[in-house]
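What the coordinates show
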There are 2 protein chains.
Amino acid sequence: MTEATAKRETARPLGRRPGVHDTRQTVLDAARARFAADGYAGASIRKIAADAGVDAAVVMRLFGSKDDLFAAAMVMPAEAATALSGALEGPADGVGERLTRAFLELWTAPASSGPLLATFRSAVTNEQAAAHLRAFIRGRVLEAYVPHFPDVPDAALRATLVSSMLIGVVVGRQVVGIDAMVDADFESIVGMIAPLMQAVLTAEP
Amino acid sequence: MTEATAKRETARPLGRRPGVHDTRQTVLDAARARFAADGYAGASIRKIAADAGVDAAVVMRLFGSKDDLFAAAMVMPAEAATALSGALEGPADGVGERLTRAFLELWTAPASSGPLLATFRSAVTNEQAAAHLRAFIRGRVLEAYVPHFPDVPDAALRATLVSSMLIGVVVGRQVVGIDAMVDADFESIVGMIAPLMQAVLTAEP
């Protein structure tokens, strides 16, 4: 599709008309928000198109189907993999704290929190999103962690337990919004859980 | 509604016709499964009624509205509160392991896992379900834990962090289905995480 076509299709009565890249990004943002709020089953191309201010036919032409749009919306931001593997570099005795900080920050940073929260929300009700999350954990989390700790037994179980417990903290704080966790400051939470993650990651007694 | 009315309304061509209690329970089970699979927005009275093998009008007469049906389906099983407060009884130095076992067992036991998983799945996309989960944590988890540990600082934060991390483990194992966690045996997981929960709950160094 040419930019001109996209412009015609997204025709708005006023203001700058977005190009195809803008349109694609706008639709992806709308899809993430809608999948996150309504789940896979509850979100529809029609609603996503309306949220993005474009016609449903534009969404179909850009992404092909609801499944393909979902897959595109669920792609993990590159920052996520980089931040997590970066946290594993450096001395082993600070890895629990570095990983805890990197993980919790990813889920609050504007660029990454939207896609991550949308993927997570969708993964708990939709098998395709769960498969994306499993692939991310297998491909990025385990491939970054396991070679760093060749002497740690049950390395894959340890890395996935740590990821799961950290996701649990994100869920309590940002998704369910448990009072005590919302009210607590970031450093108190890091101070309480980083030593635990350290113990699991390095198999300390 | 009389039992006779319910029988007429749920009329099935063959077999025993369910009474009003059966019908109510059948609808609740269907609602939990449907809310868990499709989220609040994706589930409809029509689909839930079809799953339960009754007419949508029966569901409306028994529960009044989708919101009220949702609230009834999300009520936490009494076993959940009893098992968690039971785990807090006894010597402080085994509390981490008792709570970890009780928590993970609740999410796998047939009677409690359905309602708990349905509440959790719904809570991540629906504010009403999130409010139910917050109320359960505030009313049952915190009221059971905080008086048991009067000398522990930040007791509410500690109890909710532990609950969140344990929910994270349930999500990794049972909802997302991360390979390494699905393959690991129950005792390996308890052995790795119970000491962490102990440290957070009792504020051990």
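Details of the structure are given in the entry above.
What comes next concerns the included structure.

**Let's talk about the overall build of chain A**
Helix and strand content of chain A: 12 helices and 0 strands. Across chain A, helices and strands are ordered from the amino to the carboxyl terminus as α-α-α-α-α-α-α-α-α-α-α-α. Buried positions account for 56% of the 205 residues belonging to chain A. Counting every atom, chain A has about 8,700 Å² of accessible surface; 55% of that belongs to carbon and sulfur.

**Observations regarding the packing of aromatic side chains**
Overall, the coordinates contain 8 aromatic pairs over all chains when judged by the stated rule. Chaining the aromatic ring pairs together yields one cluster made of Phe103, Trp107 and Phe120 of chain A.

**Details of the interface of chain B and chain A**
Listed by partner, the interface residues are 44 residues for chain B and 44 residues for chain A. Carbon and sulfur atoms make up 77% of the surface buried where chain B meets chain A, a total of about 3,500 Å² over both sides. On the chain B side of the contact with chain A, Val124, Val176 and Met192 of chain B bury the most area, a combined 18% of that side's loss. Inspection of the region where chain B meets chain A yields 2 salt bridges. Between Arg138 of chain A and Asp179 of chain B there is a salt bridge, with the nearest N and O atoms lying 2.7 Å from each other. Our count for the chain B to chain A interface comes out at 6 residue pairs in polar contact (both at pLDDT 80 or more). Elements represented by at least two residues in the side of chain B that touches chain A include exactly α2 (20–42), α8 (110–123), α9 (127–145), α10 (155–175), α11 (179–183) and α12 (186–202) of chain B. Tallied by class, the residues present in the side of chain B that touches chain A amount to 28 nonpolar, 9 polar and 7 charged.

**Here we look at the relation of the copies chain B and chain A**
Under the fitted operation, chain B is carried onto chain A by 0.0 Å of movement along the axis and a turn of 180°, and the coordinates agree to an RMSD of 0.0 Å. Here the transformation between the copies is reduced to the relation of a two-fold axis. Residue by residue, 100% of the interface of chain B is reproduced at the interface of chain A, so both copies engage with the same surface.

**What to know about the side chain of Gln198 of chain B**
Residue and element names in this part refer to chain B. Inspection of the secondary structure puts Gln198 in helix α12. Looking at Gln198, its side chain comes within polar contact range of the main-chain nitrogen of Val95, at 3.3 Å. A polar side-chain atom of Gln198 sits 2.7 Å from the main-chain amide nitrogen of Gly96. Setting aside chain neighbours within four positions, we find Gln198 in contact with Ala92, Asp93, Gly94, Val95, Gly96, Glu97 and Glu204.

**Describing the pattern of salt bridges**
Under the counting rule described, the total for this entry stands at 12 salt bridges over all chains. Arg134 of chain A is the partner of Glu127 of chain A in a salt bridge, and the nearest nitrogen-oxygen pair spans 2.5 Å. For Arg101 of chain B, the salt bridge identified is with Glu187 of chain B, shortest N-O distance 2.8 Å. In this pair, Arg101 of chain B sits in helix α7 (residues 95–106) while Glu187 of chain B sits in helix α12, placing the two residues 86 residues apart along the sequence. Glu187 of chain B sits in the partly exposed class, given a relative accessible area of 43%. Salt bridges here are not isolated pairs; linked through shared partners, they connect Glu97, Arg101 and Glu187 of chain A.

**Digging into the environment of Asp179 of chain A**
With respect to the element layout, Asp179 of chain A can be found in helix α11 (residues 179–183). Not counting residues within four places of it along the chain, the set of residues in contact with Asp179 of chain A comprises Arg134 and Arg138 of chain B.

**Side note on α8 of chain B**
Residues and elements named next belong to chain B. Taking 1.5 Å of rise per residue, 14 residues should cover 20 Å, and α8 covers 20 Å from first to last C-alpha, within 8% of that figure. Within α8, 11 of the 14 residues are buried, leaving the element largely enclosed by the surrounding structure. For α8, the set of buried residues is Ser112, Ser113, Pro115, Leu116, Leu117, Ala118, Thr119, Phe120, Arg121, Ser122 and Ala123.

**Section: the nonpolar core**
The biggest cluster of nonpolar side chains holds 156 residues, and the ones touching the most others in it are Ile193 of chain A together with Ile193 of chain B. In contact with Ile193 of chain A, other than residues within four places in its own chain, are Thr100, Leu104, Leu166 and Val169 of chain A together with Leu161 and Met165 of chain B.

**Re unusual backbone geometry**
Residue and element names in this part refer to chain A. For Asp154, which is not glycine, the phi dihedral falls at a positive 55°. Structurally, the position occupied by Asp154 is in the loop between α9 (127–145) and α10 (155–175). Judged by its relative accessible area of 47%, Asp154 falls in the partly exposed class.

**Side note on the packing of helix α6 (residues 78–88) of chain A against helix α7 (residues 95–106) of chain A**
Residues and elements named next belong to chain A. Relative to each other, α6 and α7 sit at 165°, their axes nearing to 8 Å. Relative to α7, the element α6 lies roughly antiparallel. Note on packing geometry: the crossing formed by α6 with α7 is right-handed. Packed against α6, whose contacting residues are Glu79, Ala80, Ala83, Leu84, Ala87 and Leu88, the element α7 presents Val95, Arg98, Leu99, Ala102, Phe103 and Leu106 at the interface. Within the contact of α6 with α7, the residues separate by chemical class into 10 nonpolar, no polar and 2 charged.

**A word on the packing of α10 of chain A against α12 of chain B**
Packing of α10 of chain A against α12 of chain B leaves a shortest axis separation of 11 Å and a crossing angle of 50°. Classified by the angle between their axes, α10 of chain A and α12 of chain B sit oblique to one another. Note on packing geometry: the crossing formed by α10 of chain A with α12 of chain B is right-handed. Residues Leu157, Arg158, Leu161 and Met165 of chain A of α10 of chain A form the contact with α12 of chain B, whose participating residues are Ser188, Ile189, Met192, Ile193, Leu196 and Met197 of chain B. Split into classes, the residues belonging to the contact of α10 of chain A with α12 of chain B amount to 8 nonpolar, 1 polar and 1 charged.

Reading the values: the criteria
- Residues numbered from 1 in each chain as written.
- Chains lettered and ligands numbered in written order.
- Predicted model: local features only at pLDDT ≥ 70, side-chain atom pairs only at ≥ 80, totals over all residues.
- Heavy atoms only, no water.
- Helix = DSSP H or I, 4+ residues; strand = E, 2+ residues; numbered from the N terminus.
- Buried < 20%, exposed > 50% of the residue type's maximum accessible area, 1.4 Å probe, protein only.
- Areas by Shrake-Rupley, 256 points an atom, 1.4 Å probe, with all protein chains shown as cover.
- Phe/Tyr/Trp six-rings, centres within 6.5 Å; stacked < 30°, edge-to-face > 60°.
- Contact = heavy atoms within 4.5 Å.
- Buried area = accessible area lost by both parts, 1.4 Å probe.
- Salt bridge = Lys/Arg side-chain N within 4 Å of Asp/Glu carboxyl O.
- Polar contact = N/O pair within 3.5 Å; in protein donor to acceptor, adjacent residues only side chain to side chain.
- Nonpolar A, V, L, I, M, F, W, Y, C, P; charged D, E, K, R; others polar.
- Least-squares fit on C-alpha atoms with pLDDT ≥ 70 in both.
- Expected span 1.5 Å × (residues − 1).
- Core = buried A, V, L, I, M, F, W, Y, C linked by side-chain atoms within 4.5 Å.
- Axes fitted to C-alpha atoms, helices over the stretch in contact; angles between N-to-C directions.
- Parallel < 35°, antiparallel > 145°, perpendicular 65-115°, else oblique.
- Left-handed = near helix turned anticlockwise from the far one by under 90°.

Shape descriptors only; they carry no functional weight alone.
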